[in-house]
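# An overview of the molecular structure
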Amino acid sequence: MDIAKVIVDVPVRSTDRTFDYSIPESFKVWIEVGSRVAVPFGHRTVQGFVVSLEYGDIRAIKGIKPIQEVLDLVPPLSPELVELADWMSERYACRRISALQAMLPTALKGKAERLISLGDTEPEPANEEGTLFPDEEWFPGFPDTGREEREIADFVRRGGEVSMKQLTRAFPDGAETIKFMLRRGVLRESQSIKDKMGKKKLKAVDLTMEPESAREALSKLPARSARQKEVLSFLIDMEAVLPMPLKDVLSALQVTAGTVKGLEDKGLIEITEVEVYRDPYRGRDFKPSDPLPLTSEQQTVFGRIVGAVDRQRHEVFLLHGVTGSGKTEIYLQCIQRCVDQGRQAVVLVPEISLTPQMVERFKGRFGSGVAVMHSRLSTGERYDEWRKIREGKASVAVGARSAVFAPFSNLGLIIMDEEHETSYKQEENPRYHARDVAVRRAMLGDAAVILGSATPSLESYYAARSQSDENFSPVLLEMPSRALGNQLPTVQIVDMREELKEGNRSMFSRGLHSAIQSRLERGEQTVLLLNRRGFSTFVMCRSCGYVAGCPECDISLTYHSRSNNLRCHYCGHAEPAPETCPECGSEHIRFFGTGTQRVEEELGKLFPGIRVIRMDVDTTTEKGSHEKLLGQFRDKKADVLLGTQMVAKGLDFPDVTLVGVITADSALNLPDFRAAEKTFQLLTQVAGRAGRHKLPGEVLVQSYTPDHYSIIHASRHDYASFIKEELKHRKALHYPPYCRLILVTLSHEQMPVALRMAENYAMNIQGKARQRRWFGSLDKLTADGLDLLGPVASPLPRLKGRYRFQCMVKWRGAIDAIGLAREVAEELEDSLRDPVLQISIDVDPQMLM
Ligand SMILES: Nc1ncnc2c1ncn2[C@@H]1O[C@H](COP(=O)(O)OP(=O)(O)OP(=O)(O)O)[C@@H](O)[C@H]1O
Ligand SMILES: [Zn+2]
Ligand SMILES: [Zn+2]
């Protein structure tokens, strides 16, 4: 191969294509598709990724430059991942470089670095006058410039090559001289790519000779070197585990580094550096677990999945199993099958449920072969877990969203737990959804996919049922009963309007109050969920439960305090905020809001002495705090676990018999067409925490809209009925899964400019769609086509000093709407050449901000 096609890491759109570089002879064995290289680009050296290799006559290509450096011995990306990045760039209208970068740990985000080495010119000779007057006091105005120059040259010579940073640190006042030396060619500058974080090295001690000879040397050591003799004889005994970390030697024998150094000076041992992995779970024991005999329901599902795993065939399964049905056990046994075949597996879990309990279940079964990747690890730890995967030291990766890019070479199975979770969608560029990426990656590599959930997303469930999408038609597998044979907990809905009518203004209904009381008396535990999503943005009547909604869009209006009005973020409808309830005339109409802290205080007042663990963003920022709080709750150091969404998922505590939901409705009122779906999912999940073992569970759901179908169906554990009703709404209003969305946000520092751009964008995309005969209202479009809503101000109308407007493209069918949205954006950017203008494209948005 002679030519490498490289995607360069330069943040402008015009570079979103490959550039050709020649491959120097000495690099030919190292360069593969997926290699990371340093290449000259303009006047700089930049990082790039090799995406293909070609034969060719490099002399025929004018101006072709050679690759400067290969940055890793093992390419950080596989050909499969490179192909996946290509697909992502089309699927999500993002640049190829941002897709490639999303696949790598932060530690590998290389930056160019200036390197200084000696040039051909000799430094200035010693200044004779200067040597005559060594005290440097003579002749002000004639400093010995030669001396500083020689010192700098010596420093560079010793290092061979030093970075500009090191040099200026060593000679803080030497900038002038360094510049002068560079200009005369005494020093030479080059550029290289330096990683953000290196590998961790540890000093280690090793014998320089066979134990036999070492023993002989030991006997010859003089008696006064008693400490040294002790060290040497220890090392001889430990021969099998050498090299041994220096610090372990020091602490085992209580000797100083000087003693060990003495032995090195005598040539008996050597102190080397070994690479170590920063293991975030070092020193932690995980209870080993054996495969459980499967229940018959599990057996059926397992048989179906391993059929695909054994044949190494691409197939996608949607595993719909109620809470506690034993989905995790299925995951574990499928992984085992996959690993037995010499392939690897990835388990994706939502960040928030990547609890120690979860990690323990995988580490307990597969030991150190499990790499864990999540955002609470340090950059170094994450890098090392990633390396463990790339270097073949792990065969299972458990992690959040980005673990879908785990650099396995022969991935056979991808599992996505709680597949309905919105956190699988990345909200910043590249705006990918890990579910789609997982399915695509598995397709490229003949791997199986399991999407598991007690409440599958409408998109997945609909796709499984209709089998109409050729790229995504999962096989539906159901597990309707719990693995331990116990019942799902009973759920009671408490009408909070009634409570208010009867004079109870507290946030706890009488029912929930007495339920907590009885748990305290029986020594059982309670989980309390405060759903904070959507608080204080909507207007609700406390007397009748009325919520102000948009007459056009069937979603709630958002309150804007500055203008004191209510607005719809889909269509732009606005109206003044009401003083009294338009339904019942009550004055108890207000903006809703309650924090976990207030609930905690209230608990303390109502139940003196109650022990509460509060889990929310405030109490879990510190590293390890999550683990600590849950550990305390498991050890029964508290009666109540109170928290936000975090307490709803994945927890499996035997003594939790009561789950209380403070207000079920808050998320219902978000300006989001998925509000009902999210409410149903959250209630089902949190209810599933109760009565998972021997003791039966009870769930109390407080609500101001107890008749809402999402709440009623959740209380009956009736997924099918909920889906049926929700699909009806989606169909009538043309929302996914009956169409797809692209959210285009345009922002600028100047409001009128931003607005004009957004209007232009809308006009242009409509015009082009019309030309292609795609445009029309989805009501009337029977087949393929697109419609456009907006422009309207974004729900966050001003962000970081920028005004934001959005257009929503609704489309369906086989048209290339994504390509069109991108094309119109790029044309607008090209015609304006305004660097302040930003256009972001979010395909299949989850958050409509
Ligand atoms: N075959 C089995 N035999 C005995 N116990 C089992 C079996 N399968 C699962 N269990 C136990 O049942 C409980 C629930 O299982 P698990 O946590 O895997 O369910 P899940 O479907 O993942 O639940 P959730 O969606 O609520 O997190 C666990 O305590 C688990 O150890
Ligand atoms: Zn009212
Ligand atoms: Zn509206």
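Residue indices begin from 1 for each chain and proceed along its sequence in written order. Each chain gets a letter, beginning with A, and each ligand a number, beginning with 1, in the order they are written. Under the rules for a predicted model, residues below a pLDDT of 70 receive no local features and side-chain atom pairs below 80 are neither given nor counted, while totals for whole chains, interfaces and linings still include all residues. Based on all heavy atoms of the structure, the side-chain values leave hydrogens and waters out of the count.

As annotated in an unreviewed UniProt entry, the protein chain carries the name Replication restart protein PriA and is attributed to Paenibacillus rhizophilus. UniProt positions are given in the numbering used here, feature names are shortened, and annotations may be inferred rather than shown by experiment. Annotation of the protein chain in UniProt includes, under Function (unreviewed entry), the sentence "Initiates the restart of stalled replication forks, which reloads the replicative helicase on sites other than the origin of replication. Recognizes and binds to abandoned replication forks and remodels them to uncover a helicase loading site. Promotes assembly of the primosome at these replication forks." The Subunit (unreviewed entry) comment attached to the protein chain in UniProt states, word for word, "Component of the replication restart primosome."

### Structural notes on the packing of aromatic side chains
Stacked, tilted and edge-to-face are the three classes applied to pairs of Phe, Tyr and Trp rings, where Trp contributes its six-membered ring and a pair requires centres within 6.5 Å; stacked means planes under 30 degrees apart, edge-to-face means over 60, and tilted covers the rest. The full count for this structure, using the stated rule, is twelve aromatic pairs. Note on Tyr461 and Tyr719: the rings are 5.0 Å apart at their centroids and 80 degrees apart in plane angle, and the pair reads as edge-to-face. On the criterion of sequence distance, the pair formed by Tyr461 in helix 16 (residues 458–466) and Tyr719 in helix 23 (residues 719–733) is long-range, its members being 258 residues apart. For every residue, the accessible area obtained with a 1.4 Å probe (protein chains only) is divided by the maximum for its type, and the residue is called buried under 20%, exposed over 50%, and partly exposed between those limits. With relative accessibility at 6%, the residue Tyr461 sits in the buried group. Taken together, the ring pairs connect Tyr461, Phe680, Tyr709, Tyr719 and Phe722 into an aromatic cluster. We call a charge positioned above a ring when the Lys NZ or Arg CZ atom is no farther than 6 Å from the ring centre and deviates by at most 35 degrees from the ring normal. Of note, Arg17 hangs over the ring of Phe19, and the distance from its end group to the ring centre comes to 4.1 Å. Only DSSP runs of H or I covering at least 4 residues are called helices, and only runs of E covering at least 2 are called strands; the numbering of each starts at the N terminus.

### What about the environment of Ala394?
When you line up the elements, Ala394 lands in the loop between helix 14 (379–390) and strand 16 (396–399). Of the residues examined, Ala394 reaches a relative accessible area of 5% and is grouped as buried. C-alpha of Ala394 to C-alpha of Asp16: the two residues are 378 residues apart in sequence and 34 Å apart in space.

### Notes on the sheet that holds strand 14 (residues 344–348)
Two strands make a pair as long as DSSP finds a minimum of two bridges between them. The seven strands lie next to each other as 15-16-14-17-18-13-19, forming an open sheet whose pairing is parallel. The sheet is open, and its two edges are formed by strand 15 (370–373) and strand 19 (475–479), each paired on a single side. Strand-to-strand twist in this sheet, taken as the mean axis angle between neighbours without regard to direction, amounts to 15 degrees. As judged from the five bridges shared by strand 17 (residues 411–417) and strand 18 (residues 448–453), these two strands associate in the parallel manner. The residue of strand 18 that forms the bridge with Met416 is Leu451. Contacts are residue-level and defined by heavy atoms, with any inter-residue pair within 4.5 Å sufficient. In this analysis an axis means a line fitted to C-alpha atoms, helices contributing only their contacting stretch, and an angle means the value between N-to-C directions, from 0 to 180 degrees. Packing against the sheet, helix 16 makes contact with strand 13 (315–321), strand 18 and strand 19, and its axis sits at approximately 110 degrees to strand 19.

### Considering a nonpolar patch on the surface
Among the surface-exposed residues, Val29, Trp30, Leu73 and Val74 lie close enough to one another that they form a single nonpolar patch of about 420 Å² accessible area. Looking at where Val74 falls in the secondary structure, it is placed in the loop between strand 6 (69–70) and helix 1 (79–91). Patches here are clusters of residues that have more than 30% relative accessible area and form no salt bridge, with a 9 Å joining cutoff for like charges and a 5 Å cutoff for nonpolar side chains (Val, Leu, Ile, Met, Phe, Trp, Tyr). Per-residue accessibility takes into account occlusion by the displayed protein chains alone, with areas from the Shrake-Rupley method and a 1.4 Å probe. Note on definitions: salt bridges are taken to be side-chain nitrogens of Lys or Arg within 4 Å of carboxyl oxygens of Asp or Glu.

### Section: the site of ligand 1
Whether a residue is near a molecule or strand depends on its heavy atoms: if one lies within 4 Å, it is near. Lining the immediate surroundings of ligand 1 are 20 residues, of which Pro293, Gln298, Lys327, Thr328 and Arg692 lie closest. Pairing of N or O atoms within 3.5 Å defines a polar contact, subject to two protein rules: one partner must be a possible hydrogen donor and the other a possible acceptor, and residues neighboring in sequence count only if both atoms are side-chain atoms. Thr328 is positioned with one of its side-chain polar atoms (N or O) 2.8 Å from an oxygen atom of ligand 1. Residue Arg689 places a side-chain N or O atom 3.2 Å away from an oxygen atom belonging to ligand 1. It is helix 12 (residues 327–340) that contributes the most residues to the shell around ligand 1, three residues altogether. Residue polarity follows a fixed list, in which Ala, Val, Leu, Ile, Met, Phe, Trp, Tyr, Cys and Pro are nonpolar, Asp, Glu, Lys and Arg are charged, and the others, Gly among them, are polar. Of the residues in the shell around ligand 1, the class split is six nonpolar, eight polar and six charged.

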